[in-house]
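# Residue-level structure breakdown
As a plain string of letters, each chain reads:
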Amino acid sequence: MRKLFGILLAVTITGPVDAYAQGAAQAISHYRQQHGLGAVTADSRLMALAAEQAHAMARAGALDHSVSRPFGSRIAGYGPDVAVENIAAGTHSFESTFELWKRSPGHDANLRRSGVTRFGIASAPAPQSRYKVFWALILAGSQPHGRLKAGAPGMMSGCCRDGKKAARGRCRSLTGSRCRPFSRSGPD
């Protein structure tokens, strides 16, 4: 049944956002609203990015934000001003994974990150690994440029108005002319 669930979730993330994602949206939004934050909506592009990460971890049998490529490079094409990622392994339902994240200070900070409005979530079966299932959640949003804030581990922020990078709440000069997302690895 778990393998079938993972396969079904993997298939649905490429199409329209499904009822499973809507249930996750309701749970995450309710939790955020309890803390005075805005709701989030499921986003098919973020669902695909989360699936990429969950499947990469399942293939490697490793819980790692950079198992195939760093979070900043994975999210860069999406172009948010702020993005965070939570990963987990070994939990067999969204509900148990969500509870785990709420009890972890770093993951909880990501769930309550201001400025996020969209999310993607995926799980991937890994019967050969000790964990059996891997999860990835990406939350992202846009903020007015020049008003970016530093955030929890796993945070990516965009450019300041003057073309410099935002890092820990301050802008820093870039090498080269393109502004690329700043990334730090986040909590597992």
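Counting starts from 1 at the beginning of each chain's written sequence and moves along it residue by residue. Given that this is a predicted model, residues contribute local features only at a pLDDT of at least 70 and side-chain atom pairs are listed and counted only at 80 or more, while totals for whole chains, interfaces and linings are drawn from all residues. Working from all heavy atoms in the structure, the side-chain values ignore hydrogens and water.

### Points about the environment of Gln53
Just so we agree on the cut-off: Secondary structure follows DSSP: runs of H or I at least 4 residues long count as helices, runs of E at least 2 residues long count as strands, and numbering of each begins at the N terminus. Residue exposure (1.4 Å probe, protein chains only): buried if accessible area is under 20% of the type maximum, exposed if over 50%, otherwise partly exposed. We call two residues in contact when some of their heavy atoms are within 4.5 Å.
One can find Gln53 in helix α3 (residues 44-60). With a relative accessible area of 0%, Gln53 lands in the buried category. Residues Gln53 and Arg74, spaced 21 residues apart in sequence, show a C-alpha to C-alpha distance of 8.8 Å. Excluding residues that lie within four positions of it along the chain, Gln53 makes contacts with Asp64, His65, Val67, Arg74, Glu85, Ile87 and Ala136.

### Side note on the packing of helix α2 (residues 19-34) against helix α5 (residues 94-103)
Going by this rule: For helices, the axis comes from a line fit to the C-alpha atoms of the stretch in contact; other axes are also lines fit to C-alpha atoms, and the angle between any two N-to-C directions lies between 0 and 180 degrees. Here the word oblique covers every angle except those under 35 degrees (roughly parallel), over 145 (roughly antiparallel) and from 65 to 115 (roughly perpendicular). Working rule for handedness: look at the near helix, and if it is turned counterclockwise from the far one by less than a right angle, call the crossing left-handed; if clockwise, right-handed. Residue type decides the class: Asp, Glu, Lys and Arg count as charged, Ala, Val, Leu, Ile, Met, Phe, Trp, Tyr, Cys and Pro as nonpolar, and the leftover types, Gly among them, as polar.
Across the interface, α2 lies against α5 with an axial gap of 11 Å and an inter-helix angle of 25 degrees. Here α5 runs roughly parallel to α2, going by the angle between their axes. Handedness of the α2/α5 crossing: right-handed. Taken together, the residues of α5 that come into contact with α2 (itself represented by Tyr20, Ala24, Ala27, Ile28 and Tyr31) are Phe94, Phe98 and Lys102. For the contact of α2 with α5, the residue count by class is seven nonpolar, no polar and one charged.

### A word on the nonpolar core
Worth spelling out the cut-off: Remark: nonpolar core denotes a set of buried residues (Ala, Val, Leu, Ile, Met, Phe, Trp, Tyr, Cys) joined through side-chain atoms within 4.5 Å.
By size, the foremost hydrophobic cluster in this structure holds 22 residues, and its most contacted members are Ile28, Phe119, Ile121, Leu137 and Leu139. For this core, the secondary structure elements donating two or more residues are α2, β2 (82-89), α5, β3 (118-126) and β4 (132-141). Among the elements that take part in this core, α2 stands out by supplying five residues, more than any other. Residues Met57, Tyr78, Ile87 and Ala89 belong to the second largest nonpolar core, which totals 20 residues.

### Description of the side chain of Ser129
So the rule is basically this: Distance and chemistry together define a polar contact, namely a pair of N or O atoms within 3.5 Å, with one atom able to donate a hydrogen and the other to accept it when in protein, and with adjacent residues in sequence counting only for side-chain atoms on both sides.
Take Ser129: it is sitting in the loop between β3 and β4. By relative accessible area, which is 7% here, Ser129 ends up buried. A polar atom in the side chain of Ser129 sits 3.2 Å from the backbone nitrogen of Tyr131. Setting aside chain neighbours within four positions, we find Ser129 in contact with Gly61 and Phe134.

### Thoughts on the environment of Gly38
By the secondary structure assignment, Gly38 is in the loop between α2 and β1 (41-42). Residue Gly38 is classed as partly exposed on the basis of its relative accessible area, which comes to 40%. Once the C-alpha coordinates of Gly38 and Ile28 are considered, the two residues, ten residues apart in sequence, prove to be 10.0 Å apart.

### A word on the side chain of Thr97
Considering the arrangement of structural elements, one finds Thr97 in helix α5. A polar side-chain atom of Thr97 sits 2.8 Å from the main-chain carbonyl oxygen of Ser93. For Thr97, the residues in contact, after removing those within four places along its chain, are Ala88, Thr91 and Trp135.

### What to know about unusual backbone geometry
The phi dihedral of Lys132 falls on the positive side, at around 75 degrees, and the residue is not glycine. Note that Lys132 resides in strand β4. Residue Lys132 is classed as partly exposed on the basis of its relative accessible area of 36%.

### Overview of the packing of aromatic side chains
In plain terms, the rule: Working definition: rings of Phe, Tyr and Trp (its six-membered ring) pair if their centres are within 6.5 Å, and the pair is stacked with planes under 30 degrees apart, edge-to-face with planes over 60 apart, and tilted otherwise.
Under the defined criterion, the tally for this structure stands at three aromatic pairs. An angle of 75 degrees between the planes, with centres 5.4 Å apart, marks the rings of Tyr131 and Phe134 as edge-to-face. According to the relative accessible area criterion, Tyr131 is partly exposed, its value standing at 21%. Taken together, the ring pairs connect Tyr31, Phe94 and Phe98 into an aromatic cluster.

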